[in-house]
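Examination of the molecular architecture
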Amino acid sequence: MNLVITPYDPDNVPKEEEIPLPDPRFYEAVGGEEGFKALVSDFYDRIVESDIAFFFPQEEEEIEKIKIHNGKYFAEIAGGPKRYSEEMGHIDQVEMHKPFSINEKHRDEWLGTWREVLETHAKKVDAEIVESYFRFLDEYSKLLINRRRNARAFEDLAKV
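Below: a short report on this structure. (Residues numbered from 1 in each chain as written. Predicted model: local features only at pLDDT ≥ 70, side-chain atom pairs only at ≥ 80, totals over all residues. Heavy atoms only, no water.)

1. Here's the deal with the packing of helix α2 (residues 32–47) against helix α6 (residues 104–121)
Our working definition: Angular values range over 0 to 180 degrees, each being the angle between N-to-C directions of two axes fitted as lines to C-alpha atoms, with helices fitted over their stretch in contact. A run of H or I in DSSP becomes a helix once it reaches four residues, and a run of E becomes a strand once it reaches two; helices and strands are each numbered from the N terminus. If an angle is under 35 degrees, it is roughly parallel; if it is over 145, roughly antiparallel; if it lies from 65 to 115, roughly perpendicular; otherwise it is oblique. Crossings are sorted by hand: turned counterclockwise from the far helix by less than a right angle, the near helix makes the crossing left-handed, and turned clockwise it makes it right-handed. A contact between two residues is defined here by any heavy atoms of the two lying within 4.5 Å. Note on residue classes: Ala, Val, Leu, Ile, Met, Phe, Trp, Tyr, Cys and Pro are nonpolar, Asp, Glu, Lys and Arg are charged, and everything else, Gly too, is polar.
Two numbers describe how α2 lies on α6: the axes approach to 9 Å, and their chain directions differ by 140°. In this view, α2 runs oblique relative to α6, as classed from their interaxial angle. Every pair of crossing elements has a handedness; the one defined by α2 and α6 is right-handed. Every residue of α6 that contacts α2 at Ala38, Leu39, Asp42, Phe43, Arg46 and Ile47 is listed here: Trp110, Thr113, Trp114, Glu116, Val117, Leu118, Thr120 and His121. Here the contact of α2 with α6 is built from residues that sort into eight nonpolar, three polar and three charged.

Right, dumping it as structure tokens:
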């Protein structure tokens, strides 16, 4: 499996409509509803222990809600049921992430966590299918970076 985090270039950010969705077979290939729930649950269990844990609630009850809510989104883009769209309508993900100060380091940590989870939960899935899912996350995450390069974040200042 070749799950490469591509460099972020602020002068060459893809347009949202040009980013291809993952292979829709991914959802079923990782075990359908139960397999995908396990994958998303593992992702959030790891992310709340990562260097970007400060972006996520630490209370178990709240993170469980996020697993369910965001799991619907990730499942839908992976070829699963359209529950997220049916419940939420169209949500502008870029706009929704604007309140968060996201830089390249945060993106790399987020993608690295996804990579670990995919290497665990999708090792028996055709590599091309897994790579299409990761490629989507990699490209789409470039749209969510909203803090200029080399800007110091609060968490960086707090360590001084």
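Don't stop here, the text continues.
2. Side note on the environment of Tyr8
The residue Tyr8 is located in the segment before α1 (26–29) in this model. Residues Tyr8 and Ser141, spaced 133 residues apart in sequence, show a C-alpha to C-alpha distance of 9.3 Å.

3. A word on helix α7 (residues 127–144)
The criterion, for reference: Expected span of a helix, by definition, is 1.5 Å for each gap between consecutive residues, and there is one gap fewer than residues. Each residue is assigned to one of three classes by its accessible area relative to the maximum for its type, calculated with a 1.4 Å probe on protein chains only: buried under 20%, partly exposed between the two thresholds, exposed over 50%. Side-chain atoms alone can form a polar contact between residues adjacent in sequence; in general such a contact is a pair of N or O atoms within 3.5 Å, and within protein one must be able to donate a hydrogen while the other accepts it.
Between the first and last C-alpha of α7 there are 26 Å, a value that for 18 residues agrees with the 26 Å anticipated at 1.5 Å per step. A large share of α7 lies buried, amounting to 14 of its 18 residues. Looking at where α7 begins, the residue whose side-chain oxygen comes 2.8 Å from the main-chain nitrogen of Glu128 is Asp126.

4. Let's talk about the nonpolar core
Heads up, the rule is: What is meant by a nonpolar core is a set of buried Ala, Val, Leu, Ile, Met, Phe, Trp, Tyr and Cys residues, joined one to another through side-chain atoms within 4.5 Å.
In terms of nonpolar packing, the biggest core is built from 42 residues, with Phe26, Phe36, Phe74, Trp114 and Tyr133 touching the most fellow members. With nine residues, the top contributor of residues to this core is α7. For Phe36, the contacting residues outside a window of four places in its chain are Phe26, Tyr27, Val30, Gly71, Phe74, Ala75, Ala78 and Tyr133.

5. Overview of the side chain of Glu131
Structurally, Glu131 is set in helix α7. Leaving out residues up to four positions away in the same chain, Glu131 has contacts with Met1, Asn2 and Leu3.

6. Description of the packing of aromatic side chains
We apply this condition: For Phe, Tyr and Trp, rings pair up if their centres lie within 6.5 Å, where Trp contributes its six-membered ring, and each pair is then called stacked (planes under 30 degrees apart), edge-to-face (over 60) or tilted (otherwise).
Inspection of every chain in the model, using the stated rule, returns 16 aromatic pairs. Ring centres of Phe36 and Tyr133 lie 6.4 Å apart, and the angle between their planes is 90°; this geometry places the pair in the edge-to-face category. With Phe36 in helix α2 and Tyr133 in helix α7, this residue pair connects regions lying 97 residues apart in the sequence. Just as Phe36 is buried, Tyr133 falls in that class too.

7. Section: the pattern of salt bridges
Note the following rule: By convention in these notes, a salt bridge is any Lys or Arg side-chain nitrogen within 4 Å of a carboxyl oxygen on Asp or Glu.
Taken as a whole, this structure holds 12 salt bridges when the rule is applied. The residue Arg25 makes a salt bridge to Asp23 at a minimum N-O spacing of 2.6 Å. One network of salt bridges, in which partners are shared, links Glu33, Lys37 and Arg83.

8. Considering the environment of Leu111
By the element assignment, Leu111 lies in helix α6. Residue Leu111 is classed as buried on the basis of its relative accessible area of 0%. A C-alpha to C-alpha distance of 7.0 Å links Leu111 and Ile5, two positions 106 residues apart in sequence. When near neighbours in sequence (up to four residues on either side) are disregarded, Leu111 contacts Ile5, Phe134, Leu137, Asp138 and Ser141.

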